[in-house]
Amino acid sequence: MLRLAQALDRQLRAALEMAFPQAAAAAIEAGAPLDPQLAPASKPEFGDFQANGALGLARSLGLPPRKIAEAIVAQLAADPAFAALCLEPVIAGPGFLNLTIRPELLAAEVRARLGDPRLGVPSVAQDAASEGGAAAPVIVDFSSPNIAKEMHVGHLRSTIIGDALARVLEFRGHPVLRLNHVGDWGTQFGMLITHLKEVAPEALTTADAVDLGDLVAFYREAKKRFDDDEAFQATAREEVVKLQGGDPVSLKAWGLLCDQSRREFQKIYDRLAIRLSERGESFYNPHLEAVVADLAAAGLLVVDQGAKCVFLEGVSGKEGAPLPVIVQKSDGGFNYATTDLAAIRYRLAPAPGGDGARRVIYVTDAGQASHFAGVFQVARRAGWLPAGASLEHVPFGLVQGEDGKKLKTRAGDTVRLRDLLDEAVERCEADLRRRLAEEERTEEEAFIHHVATTVGLAAVKYADLSQNRITNYQFSFDRMLALQGNTAPYLLYAVVRIAGIARRGGELAGGGLGDGQGGGFPDPLQFSEPQEWALVRDLLKFDAVVAEVETDLLPNRLCSYLFELSQVFNRFYDQVPVLKAEEPARGSRLALCRLTADTLKLGLGLLGIETLERM
Ligand code: ARG
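Residues numbered from 1 in each chain as written. Predicted model: local features only at pLDDT ≥ 70, side-chain atom pairs only at ≥ 80, totals over all residues. Heavy atoms only, no water.

**Q** Help me understand the site of the ligand, please; the structure alone is not making it clear to me.
**A** Every residue close to the ligand is listed here: Asp-141, Ser-144, Asn-146, His-155, His-181, Tyr-336, Asp-340, Tyr-362, Thr-364, Gln-368 and Phe-372. Residue Ser-144 places a main-chain N or O atom 2.9 Å away from a nitrogen atom belonging to the ligand. Tyr-336 places a side-chain nitrogen or oxygen 2.7 Å from a nitrogen atom of the ligand. Protein contacts shield 90% of the accessible area of the ligand, which totals 350 Å² for the unbound molecule. Going through the elements one at a time, helix H14 (336–348) and strand E11 (359–365) are the ones with two or more residues in the shell around the ligand. Across the shell around the ligand, the residue classes tally to three nonpolar, six polar and two charged. (Near = heavy atom within 4 Å. Polar contact = N/O pair within 3.5 Å; in protein donor to acceptor, adjacent residues only side chain to side chain. Areas by Shrake-Rupley, 256 points an atom, 1.4 Å probe, with all protein chains shown as cover. Helix = DSSP H or I, 4+ residues; strand = E, 2+ residues; numbered from the N terminus. Nonpolar A, V, L, I, M, F, W, Y, C, P; charged D, E, K, R; others polar.)

Right under this line is the structure:
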């Protein structure tokens, strides 16, 4: 539908220009061409689109909006391309233009999507290639846990949301760098190494000498000592300096600790089928000095109580005091913000010395919003952003328990991700066994295991993605595993059921239907019932929804769409006969079943959710 909408937009713009040539020329001169304000129709009875531009132009054109609308319609009537696209436009209310796409075109669009693996979604890679270039990389910085600390539910959110965004961007044809900005550098290593030297020196020389759980506990102890004990603090700082200076013993210890955490993180990524390239904070260590030099050269650096800072514009702290981004501490050390500045500089710089990215997306909890606003501003003022480049923070809310408080186990401990995923899968398995018993079905253990794992992990992902990410999110196994409502189990069942209908219909017709190439279905498809048209229109929205997620970075829009699509399908299937209908209605309706199943599958795939053949 996006393609049709774009064609329509062009036609309306041309009509406006022809109807009001002088005003149009002046508007172009002023850099704000007359806008027909094309938007999807607010109600199905208004058609497919409406153009509200006449209302906004009334004042500048000195004409009543209805007159403007009439003038546009008169121009459209003379455009054969418009007549090929739309039925007669209708002027409504004070001057809205209601537009309906010709039904045969909608049917042809549906027909074209059968057997099209992209389901009508254009690829920017093709566009770029046809213009003789290549699309610039997009970076998604996500997951990014910290070494020697447990990966927590906040990192799980970042992992799930970041992966979904990366998938949508990849599907749109962008080269995507999925970067894991692991916290693997800085003060924490000084503390940990100093503490381990005393309590578990073997951990610094031998791989896996202590287990990761112990390491996390050691980290907590080290942090406590660091906060309470000045002598310890001094030693820990020396230790960081040694490490940053490349001392081989420190580096070896650091390498061992990183390896051990990394393997633990990888287990979670493997279970969730998430691909990430690790490029931790340490990667930017060699670039930190250059950041300071660049900022100094740009005249942004101020020394305040021995620390090198950049004071932010437009933000202030308590009592209106200007807020700094501290780039280098008085002891010479760098911090989280410095690393992020170096990362921005590197990511935007052209290859080979950088990534050459034009869009950099950061998926972290909303608590880091001011950190990112600060470093983004400094980067912009330093002149590191090439034309057209954007830095975007994608914030998300906290994960809470059902009591609305921070998510904890019954015993009050922080929830381990592994346990959380295990529980989702176990609960699914129990539900599935109960259902099989009720239905007196016997299935192989391998089947039960596969279904429970797929549904359990899908439920965890979908529950997270289907919320507007900005709000806090209440984690509830009962809700995410429910078979009704906007949940993964509901959608996975819908896919199985709808694909089943399409398949059965095809087999009854002798196997020709839905062969994956779009063959066998009537051509053209023929529809007559309002429920069919409602489903057709909803199916054709898929490309616009994908484009919206690409821009707004809100995966919940895709979730709502998939849920709505399955409901529109149910209404169609309840009210219109499919398998018992006569040709060509039967084949046309089966085509709708096929395309609904394919759209749900592809949509869930873009969310990182695997579907099932049977469950
Ligand atoms: N390691 C950080 C944390 O656990 C997240 C890093 C996000 N990415 C970044 N470029 N700062 O909170």
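**Q** Teacher, can you tell me more about the packing of helix H20 (residues 530–539) against helix H22 (residues 555–575) here?
**A** When two helices pack together, their arrangement is given by the angle between the helix axes and the distance between those axes. Packing of H20 against H22 brings their axes to within 9 Å, and their N-to-C directions diverge by 160°. For the element pair H20 / H22, the angle class is roughly antiparallel. By crossing handedness, the relation of H20 to H22 is classed as left-handed. For the pair formed by H20 and H22, the contact residues are Gln-531, Glu-532, Ala-534, Leu-535, Asp-538 and Leu-539 on the first element and Tyr-561, Glu-564, Leu-565, Val-568, Phe-569, Arg-571, Phe-572 and Gln-575 on the second. Here the residues of the contact of H20 with H22 sort into eight nonpolar, two polar and four charged. (Axes fitted to C-alpha atoms, helices over the stretch in contact; angles between N-to-C directions. Parallel < 35°, antiparallel > 145°, perpendicular 65-115°, else oblique. Left-handed = near helix turned anticlockwise from the far one by under 90°. Contact = heavy atoms within 4.5 Å.)

**Q** How should the sheet that holds strand E4 (residues 96–99) be read in this particular structure?
**A** Through backbone hydrogen bonds, the strands of a sheet pair up, either in parallel or in antiparallel fashion. Strand order in the open sheet formed by four strands is E1-E2-E4-E3, and the pairing between neighbours is antiparallel. Either end of the sheet is taken by a strand with one partner, and the two such strands are strand E1 (38–40) and strand E3 (90–92). Strand-to-strand twist of the sheet, defined as the mean angle between neighbouring strand axes without regard to direction, takes the value 30°. As paired elements, strand E2 (residues 49–51) and E4 share three bridges and run antiparallel to each other. Residue pairing across strands places Gln-50 opposite Asn-98, the latter belonging to E4. The strands that helix H4 (residues 65–77) touches are E3 and E4; relative to E3, the one it contacts most, it runs at about 175°. (Pairing = 2+ DSSP bridges.)

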